[in-house]
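Here's the letter readout for the chains.
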Amino acid sequence: MIGGFPIELLALQLFTGLALGSVFVLLAVGLSLIFGLLTVVNFAHGAFYMLGAYAGVFFIGYLGNFWLTLAVVPFAVGAVGLGVERWLVRPLYGRGIDYPLMLTFGLAYILVEVVRILFGAEGMPFDAPDALMGAVNIGVGYFPAYRLFVIAATAVLVVALWLFLEKTSYGLVIRAGARDSEIVRVLGIDISLVWLVVFGLGTAVAGLAGVLSAPMRSVFPDMGTTVLVEAFVVTVVGGMGSLAGAVVAGLLVGVVVSMTSLFAPAMAEVSMFALMALVLLVRPQGLFGKKGLMG
Amino acid sequence: MTLANPQEELKGSGRRLAGVVALMARHRVLAVLGFLLVFPFLLPYEALAVNILIYGLFALGFNLVFGYMGVLSFGHAAFFGLGSYATGIVIVHYGMHWFPAILVGAVAAGLGAAVIGALAIRTRGIYFAMVTLALSQCVYYLVYQLEDLSGGENGLRGVDVYDLGLPGLELTLLDPLTKYYFVFVFVALAVWLFSRILASPFGAVLEALRENEDRARACGTNVALSKWLAFVISGLFCGLAGSLNAIHLTIVPIESLHYHTSGLAVMMSLLGGMGTFFGPFVGALTFLVLEDVITLVTVHWQLFVGALFVFFILFLPRGIWGSFLRWASR
């Protein structure tokens, strides 16, 4: 017994936090990736997450298969991301970092309203596939299978992304671009193509986060609004532009929120901000952030 | 102003226009107030005029940080909302007179800005927008939870100030024109004070910070303190706007604390022209009149908001007034 709760309950709550945190991880990874390379804070990230969930609703009705849907959605959302980078964000490079930020903020309004026109303002049901219904015994008790799947899928994706960035020549170009885009350009690499791809990749991951969390949280046009704030908190805690920071901070924030909702339900929403304030006081660059990146 | 020696370069009507602009810039407080004095007679109904006054003041306060100091904050909804709620709560729950209640609102917003500012100035550049947004959203959740005081999801109702109770004057806010001039008095004082701040050495420090922070530091400016102070002053102005809004609407909706309200300030400043004295009011006027017209036709106003915002950032980043100034001084 800890704090009046049996240890098994706490362990289950920890896993709930990890599942919640997994979604945060995916959001923060996409946000961080885009920022690390393009120094663009994507204020439409929540809207891309929402697009992912709605793309899921659309494709599952069309294809009738959850797994196929899961594979298609990132490409669909990523394609929107590619268009946004090419036609809206690219003209703003070299105009100061506030402009892409404000532009994506305006873009979020457009995306949300378009979805509202196409799908209606009401929430949409989205069920987990039959194979992932029910609960599994994880030693300390029964835990929803779908949430376990979300944790596993996030782990696979993060490892794949890490391998891509660290072990492939494409990843090498991306990392070099984040460090010094001018030198990369001098070496004869089309950096604007790299930026395009990375923006698409980041938004695709956000879309995947949306469709993955659709069976856990409900699907409605404004679902990205609060998620954007959560993604910011995670990014500030972890440190902008750091993959490891996004993973650790995402899981940490997820666990903190789920634990507070057990001990002090009224404070659940505020807890993550308290964590962020603490990090800002002790280590303003974030847990894994480098001092220089903050300028 | 940017008009170093306009007489040499301009001819004909261009010269006269530049002269008018220069005259307006010299007497900027009088120009704003003179216009706002006759403003309600130019609009179809007064409630819209009151909205424009209040949101113009909100954008004006925001512009101190965004336009003059060059720091983008996405947390100003917290100050607008705190001003609204503080004024509303002392009127509804403690029966306070409207005048001290408005002061309480502004001070509460100033305190909120002091705390949020102290945390946010520990970060730089792009982080500032994210941190201020997150912290203001924290205020949103806190107020949401304090249901007994704030009314929670339904917002705070019953901020009824009808009889002003001024000795010798029979004034009631039920008359829309009276309400307009009631708000106008506060806005006039704020605009005058704002102009004085800009004209002070502190105003010069803010613009120095915008142009080159490192150089300002090398010149002996206490950068952190100046930024924090500007943030607090900006919060006071936005809090005053919030207080007036509570009295104007007689309710405080919880949405006034949401970060979309911060977005409104950003949008109005950008629309009018950031870092210009008249910009915030021009922006508030344009935005609210457009909203008024377009919502008559369609429920999808948000689509237009987004498109308008994107359009201005891509093609008219100086905003309406900023572009006009440039055109007049070409």
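About the criteria used
Residues numbered from 1 in each chain as written. Chains lettered and ligands numbered in written order. Predicted model: local features only at pLDDT ≥ 70, side-chain atom pairs only at ≥ 80, totals over all residues. Core = buried A, V, L, I, M, F, W, Y, C linked by C-beta atoms within 7 Å. Buried ≥ 20, exposed ≤ 12 C-beta atoms within 10 Å, placed from the backbone. Helix = DSSP H or I, 4+ residues; strand = E, 2+ residues; numbered from the N terminus. Contact = placed C-beta atoms within 7 Å. pLDDT = per-residue confidence, 0-100. Expected span 1.5 Å × (residues − 1). Axes fitted to C-alpha atoms, helices over the stretch in contact; angles between N-to-C directions. Parallel < 35°, antiparallel > 145°, perpendicular 65-115°, else oblique. Left-handed = near helix turned anticlockwise from the far one by under 90°. Nonpolar A, V, L, I, M, F, W, Y, C, P; charged D, E, K, R; others polar.

Re the nonpolar core
(1) Moving on: The biggest cluster of nonpolar side chains holds 211 residues, and the ones touching the most others in it are Leu27 and Val233 of chain A together with Ala134 of chain B.
(2) Moving on: Per-element accounting of this core gives the leading share, 16 residues, to helix 1 (residues 7–38) of chain A.
(3) Moving on: Beyond its immediate stretch of four places on either side in the chain, Leu27 of chain A contacts His45, Tyr49, Ala206, Ala209, Val227 and Ala231 of chain A.

Observations regarding the interface of chain A and chain B
(1) Moving on: Contacts between the two partners involve 33 residues from chain A, matched on the other side by 33 residues from chain B.
(2) Moving on: Among the elements of the structure, helix 4 (98–119), helix 9 (223–238) and helix 11 (268–282) of chain A are those that each provide at least two residues to the side of chain A that touches chain B.
(3) Moving on: Counting residues per element, the side of chain A that touches chain B draws most heavily on helix 4 of chain A, at 13 residues.

Some remarks on the environment of Ala71 of chain A
Residues and elements named next belong to chain A.
(1) Moving on: When you line up the elements, Ala71 lands in helix 3 (residues 66–89).
(2) Moving on: Assessed through the 13 C-beta atoms surrounding it within 10 Å, Ala71 is described here as partly exposed.
(3) Moving on: The spacing of Ala71 and Leu208 is 137 residues in sequence and 8.7 Å in space, taken between C-alpha atoms.

Remarks on the confidence of the model for chain B
All names here are of chain B.
(1) Moving on: Looking at chain B as a whole, its pLDDT mean stands at 90, while 96% of the residues score no less than 70.
(2) Moving on: Within chain B, the lowest mean pLDDT, 45, falls on helix 1 (residues 6–9), and the highest, 97, falls on helix 5 (residues 76–92).
(3) Moving on: Across residues 1–10, where pLDDT falls below 50, the model places 14 contacts with residues more than four positions away in sequence or in other chains.
(4) Moving on: In the predicted assembly, ipTM is 0.91 and pTM is 0.92.

Brief notes about helix 14 (residues 279–297) of chain B
Residue and element names in this part refer to chain B.
(1) Moving on: Along its 19 residues, helix 14 runs 27 Å from first to last C-alpha, staying within 8% of the 27 Å computed at 1.5 Å per residue.
(2) Moving on: Inspection of helix 14 places Gly279, Pro280, Phe281, Val282, Gly283, Ala284, Leu285, Phe287 and Leu288 among the buried residues, and these make up the whole buried set.
(3) Moving on: Residues of helix 14 that are buried in the fold lie against helix 3 (28–38), helix 4 (46–68), helix 13 (259–272) and helix 16 (319–328).

Focus on the packing of helix 4 of chain A against helix 15 (residues 301–315) of chain B
(1) Moving on: One can describe the packing of helix 4 of chain A onto helix 15 of chain B by two numbers: an axis separation of 7 Å at closest approach and a directional angle of 155°. It follows from the interaxial angle that helix 4 of chain A and helix 15 of chain B lie roughly antiparallel. Of the two possible hands of crossing, helix 4 of chain A and helix 15 of chain B adopt the one that is left-handed. Only Gln302, Leu303, Val305, Gly306, Ala307, Phe309, Val310 and Ile313 of chain B of helix 15 of chain B make contact with helix 4 of chain A, whose side of the interface consists of Tyr99, Met102, Leu103, Gly106, Leu107, Tyr109, Ile110, Val112 and Glu113 of chain A.

Here we look at the packing of helix 4 of chain B against helix 14 of chain B
Residues and elements named next belong to chain B.
(1) Moving on: Where helix 4 meets helix 14, the axes come as close as 7 Å, and the angle between the chain directions of the two elements is 135°. Here helix 14 runs oblique to helix 4, going by the angle between their axes. Considering the relative orientation of helix 4 and helix 14, their crossing is right-handed. When helix 4 is examined against helix 14, the residues Leu48, Asn51, Ile52, Tyr55, Gly56, Ala59, Leu60, Asn63 and Gly67 are found in contact with a partner set consisting of Gly279, Pro280, Phe281, Gly283, Ala284, Leu285, Leu288 and Asp292.
(2) Moving on: Here the contact of helix 4 with helix 14 is composed, by residue class, of 10 nonpolar, 6 polar and 1 charged.

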